[in-house]
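Each chain is listed here by its residues.
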Amino acid sequence: MNNPNRKWMYERKDNCRCVSFVFVQGVTKFIDFATSQHRFVDEDKIKCPCIKCRNIPYRDVDTVKHHLYTSCFVEEYWFWDKHGKTSIDDDNTFLGVDDSNTNFNEGACSYREMVIDAMTPDLNTSNLEEEPNALDKKFFDMLDAADKELWPGCLKVTQLSAIARLLNIKSEYRIPEQSYDAICQLLNDVLPEENNMLGSLYMSKKLIQAVGLPMEMIDCRWSGYKYKRSKILARCSRVSFKKIHYFPLTPRLKRLYASQATTASMRWHSQNHGHDVGVMCHPSKLEAWKHFDKIHPSFAAEIRNVRLGLSTNRAAFMWTISDFPAYAMLSGWSTAGKVNHPYRKDKYKLKKNREVTEGPPRSKNGEQTLRETEQLCLVKVTKLNDDDVNKRCGDHGWKKKSIFLDLLYWKTNLIRHNFDVMHIVKNVFENFFYTVMDVKGTTKDNVAARRDLKRYCRKRKGFEDNERVYYTLDKNQKKVICEWV
């Protein structure tokens, strides 16, 4: 027997393929009715009307919600006789959905979509017979908060939207925790007594933490020029020298596929956008990308397998993009110090109007790089006594073994490292500008540079340590530059 006022029972998803607001509101009213029928309740449990349980087992309210949100009602259950209903009525405002309230708080719907986008990938929907885990319960709590009125009759703000906006205000204006708690207490006092406003920052964060992305704090100790994770600190009460914020990559990649706003963009590279031949619109048009696809056809066959993106539990690290100092750290090849350009300390090779016609040295592929670092017995910085081991290998340009060589496909990549030209140009400009402006602490015209000039430049005598050079600006010239900028 079809009841038009309960058609929401079988319209679980909206046009965006998300659990619809009308369905969630209907489930809430169904639960309220079922729990009020004491003859049909087993302690705090009711019969689950989902398509798998089929009104046979008794389950707690959270589990029933979990089953209904992830599947649907058992077919043709228009008459709720298993939950105490004795007749079918046409009261829209009781068991159906109130037509006057279906447009309730359009802003709140966006918060519901935010919750669904953020948490749907991690929900356990494979076995509805199991009890919902802690993450699933957080999801349903967040959905309830997204639909819960801030006070009875409030049509503009829900509990979740109010807390989210308050936390945003706290972040924007750097409001201290005590001030935030005081604001929450004030709102509790001025709102009607039966309000759902939370009373502290702790409770606000506890409500909304499931939507955010995880972050881990790592206690570190200083070890030469780098930080190492300290195991000792975990066993004692000493305060760590430094704390490092670690942002796990996997959940952030999942979020890109979870949100409807970014899912299409994650597959954009695989589509033909009709751009002119020879015009690069995406790295997928480059030879390095195509070379990777040839070497790893199974990876390339799935268009969702985006480089450095979520890829059905696989991700490919294509290359690095950095400036020169970061390139040295990432690749293991020194860009400073004793072994670099052959002209660096030669007085006679750098001559005016001299033209160098010989080409650059042959580039090494990944196989050659791996073989060379292994022959030199270089180790990664994560190994014990890595500094001493790598120094004993001699001066040959390599300072360490790159950790990226652990990736099995890294040696087959056509391009492994890229220079960030914009960043490099910025660095060059800043060095030139600070030198001409004679900015103390950042100018490159320092005592060491002047002594190098005397040592390595054959024609120039150089300047004394405290002598003012002609290419720096005086006070009036600096003023003109600053006014122009």
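Residues numbered from 1 in each chain as written. Predicted model: local features only at pLDDT ≥ 70, side-chain atom pairs only at ≥ 80, totals over all residues. Heavy atoms only, no water.

A. Seen up close, the overall build of the protein chain. In terms of helices and strands, the protein chain carries 17 helices and 7 strands. When the 485 residues of the protein chain are sorted by exposure, 35% land in the buried category. Partitioning the contacts of the protein chain with sequence separation of at least 6, the portion at a separation of at least 24 is 58%. Counting every atom, the protein chain has about 31,500 Å² of accessible surface; 54% of that belongs to carbon and sulfur. (Helix = DSSP H or I, 4+ residues; strand = E, 2+ residues; numbered from the N terminus. Buried < 20%, exposed > 50% of the residue type's maximum accessible area, 1.4 Å probe, protein only. Contact = heavy atoms within 4.5 Å. Areas by Shrake-Rupley, 256 points an atom, 1.4 Å probe, with all protein chains shown as cover.)

B. Helix α15 (residues 421-436), seen in detail. Over its 16 residues, α15 extends 22 Å from the first C-alpha to the last, a length consistent with the 22 Å expected when each residue adds 1.5 Å. Looking at α15, one finds that the buried residues are I424, T435 and V436. End-on, the buried residues of α15 take up no more than an arc of 105°, which puts them together on one face. Where α15 is buried, its residues meet α12 (324-331) and β7 (417-419). Downstream of α15 by one or two residues, D438 has phi in the positive range, about 55°. (Expected span 1.5 Å × (residues − 1). Arc of directions from axis to C-beta.)

C. Region of interest: the side chain of S200. Looking at where S200 falls in the secondary structure, it is placed in the loop between α6 (177-190) and α7 (201-208). The exposure class of S200 is buried, given its relative accessible area of 16%. Among the polar contacts made by the side chain of S200, one reaches the main-chain amide nitrogen of M203 at a distance of 3.3 Å. Ignoring any residue separated from it by four or fewer positions in sequence, one finds S200 in contact with Y180, D181 and C184. (Polar contact = N/O pair within 3.5 Å; in protein donor to acceptor, adjacent residues only side chain to side chain.)

D. Local environment of a nonpolar patch on the surface. A cluster of nonpolar side chains, M215, M217 and F247, forms an exposed patch at the surface whose accessible area comes to about 290 Å². When its relative accessible area of 40% is taken as the criterion, M217 is described as partly exposed. (Patch = residues over 30% accessible without salt bridge, like charges linked within 9 Å, V, L, I, M, F, W, Y side chains within 5 Å. Salt bridge = Lys/Arg side-chain N within 4 Å of Asp/Glu carboxyl O.)

E. Layout of the packing of aromatic side chains. Applying the stated rule across the entire model yields 17 aromatic pairs. Both rings, one in W8 and one in W80, keep their centres 6.5 Å apart while their planes meet at 75°; by these two values the pair is edge-to-face. Residue W8 is located in the segment before α1 (21-36), and its partner W80 is located in the loop between α2 (61-70) and α3 (106-119); the two are separated by 72 residues in the primary sequence. Accessibility classification places W8 together with W80 in one group, the buried group. Their ring planes at 35° and their centres at 4.5 Å tell us that F324 and F419 sit as a pair that is tilted. Separated by 95 residues along the polypeptide, F324 in helix α12 and F419 in strand β7 bring together distant segments of the chain. With relative accessibility at 40%, the residue F324 sits in the partly exposed group. Overall, the relative accessible area of 38% leaves F419 in the partly exposed class. Here the aromatic cluster, defined as three or more aromatic residues joined through ring pairs, consists of W8, F23, F30, F33, Y69, F73 and W80. R6 extends its terminal NZ or CZ atom over the ring of W80, reaching a point 4.2 Å from the ring centre. (Phe/Tyr/Trp six-rings, centres within 6.5 Å; stacked < 30°, edge-to-face > 60°. Lys NZ or Arg CZ within 6 Å of the ring centre and 35° of its normal.)

F. Up close: the pattern of salt bridges. Within the structure shown, the criterion is met by 6 salt bridges. For R54, the salt bridge identified is with E75, shortest N-O distance 2.6 Å. Of this pair, R54 sits in the loop between β1 (45-47) and β2 (58-60) while E75 sits in the loop between α2 and α3, and the two are 21 residues apart along the sequence. Judged by its relative accessible area of 40%, R54 is partly exposed. Accessibility expressed as a relative area gives 41% for E75, which makes it partly exposed. In this structure, the salt-bridge partner of D81 is K82, at a minimum N-O distance of 3.4 Å.

G. Representation of the nonpolar core in the model. The biggest cluster of nonpolar side chains holds 23 residues, and the ones touching the most others in it are W8, F23, V27, F30, L68 and F73. Of all the secondary-structure elements, those providing two or more residues to this core are α1 and α2. In terms of residue count, α1 provides more of this core than any other element does, 7 residues in total. The residues contacting F23, other than those within four sequence positions of it, are W8, M9, E11, R12, L68, Y69 and F73. (Core = buried A, V, L, I, M, F, W, Y, C linked by side-chain atoms within 4.5 Å.)

H. Quick peek at the state of the cysteines. Enumeration according to the criterion identifies 0 disulfides in this entry. We note that C377 lacks a disulfide partner, and the nearest cysteine sulfur, in C393, lies 6.1 Å from it. (Disulfide = S-S within 2.5 Å.)

I. Structural view of unusual backbone geometry. Phi is positive for E76, which is not a glycine, with a value near 60°. Looking at where E76 falls in the secondary structure, it is placed in the loop between α2 and α3. A positive phi angle is found at D438, which is not glycine, with a value near 55°. Following the sequence through the fold, D438 ends up in the loop between α15 and α16 (447-456).

J. View of the side chain of S322. The topology assignment puts S322 in strand β6 (residues 320-322). On the basis of relative accessible area, S322 is assigned to the buried category, the value being 5%. Within the structure, S322 has its side chain in polar contact with the backbone nitrogen of Y327 (distance 3.4 Å). Beyond its immediate chain neighbours, meaning those up to four positions away, S322 contacts Y327, L330, N418, F419 and D420.

K. Main features of the environment of L207. Inspection of the secondary structure assignment puts L207 in helix α7. Given the relative accessible area of 17%, L207 is considered buried. Taking C-alpha positions, L207 is 7.1 Å from M142, a pair spaced 65 residues apart along the chain. Setting aside anything within four residues of it in sequence, one finds L207 in contact with M142, A145, Q159, L160, I163 and L198.

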